[in-house]
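Architecture at a glance
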Amino acid sequence: MKERYKITFTKIIAYYCLFYAAVKIYAIFQGLWLWPNLIIAIFLGITAGIGFYIMKHEKYNWYFVGVCVILLSALRYYEPTLIPYLQQVFGS
């Protein structure tokens, strides 16, 4: 039963990261700040790529799920302050 949870959570995380990266790329095309959204999209794309790699090779583990849940939760919580900060740093 726990193995099914690992597989399901890994799939949810991988597809969520892929979708959220696509949303960030779409935001860039809609005229929002380039660098902050691009940096976040790259981070999410890498995370999705790792998730799909894990799914392809069937090497599921709880570490990936736990780290991704923490990182994605932090990203969603701090995004309103992170985006303007990254724009200030990279987009002079």
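Residues numbered from 1 in each chain as written. Predicted model: local features only at pLDDT ≥ 70, side-chain atom pairs only at ≥ 80, totals over all residues. Heavy atoms only, no water.

1. Remarks on the overall build of the protein chain
Condition: Numbering goes from the N terminus for both helices and strands, where a helix is a DSSP run of H or I of at least four residues and a strand is a run of E of at least two. In this analysis, two residues are considered to be in contact whenever any of their non-hydrogen atoms come within 4.5 Å of each other.
Looking only at helices and strands, the protein chain has three helices and zero strands in total. Along its sequence from the N terminus, the protein chain presents helices and strands in the succession α-α-α. On the principal axes, the C-alpha backbone points of the protein chain span a range of 50 × 20 × 15 Å. Residue pairs in contact within the protein chain that sit at least 24 positions apart in sequence constitute 77% of those at least 6 positions apart.

2. Side note on the packing of helix H1 (residues 2–29) against helix H3 (residues 62–90)
Applicable threshold: Only the stretch in contact is used when fitting a helix axis, every axis being a line fitted to C-alpha atoms; angles between N-to-C directions are given from 0 to 180 degrees. These descriptions rest on fixed angle ranges, namely under 35 degrees for roughly parallel, over 145 for roughly antiparallel, 65 to 115 for roughly perpendicular, and the rest for oblique. Here a crossing is taken to be left-handed if its near helix is turned anticlockwise relative to the far helix by less than a right angle, and right-handed if that turn runs clockwise. Each residue gets one label: Ala, Val, Leu, Ile, Met, Phe, Trp, Tyr, Cys and Pro are nonpolar, Asp, Glu, Lys and Arg are charged, and the others, such as Gly, are polar.
Where H1 meets H3, the axes come as close as 9 Å, and the angle between the chain directions of the two elements is 30°. Our classification of the angle between H1 and H3 gives roughly parallel. With respect to the hand of their crossing, H1 and H3 are arranged in left-handed fashion. Along the contact surface, H1 presents Lys2, Tyr5, Lys6, Phe9, Thr10, Ile13, Tyr16, Cys17, Tyr20 and Lys24, while H3 presents Trp62, Phe64, Val65, Cys68, Val69, Leu72, Leu75, Arg76, Glu79 and Ile83. Residue composition of the contact of H1 with H3, by class: 14 nonpolar, one polar and five charged.

3. Description of the pattern of salt bridges
Keep this limit in mind: Salt bridge, as used here, is a side-chain nitrogen of Lys or Arg placed within 4 Å of a carboxyl oxygen of Asp or Glu. We call a residue buried when its accessible area falls under 20% of the maximum for its residue type, exposed when it is over 50%, and partly exposed in between, using a 1.4 Å probe and counting protein chains only.
Tallied over the entire structure, the rule returns three salt bridges. Two residues, Glu79 and Lys24, come together in a salt bridge whose shortest N-O distance is 2.3 Å. Placement of the pair is Glu79 in helix H3 and Lys24 in helix H1, with a sequence separation of 55 residues. Assigned by exposure class, Glu79 and Lys24 land together as buried.

4. Thoughts on the environment of Gly66
One can find Gly66 in helix H3. Along the sequence, Gly66 and Phe9 sit 57 residues apart, while their C-alpha atoms lie 9.6 Å from each other.

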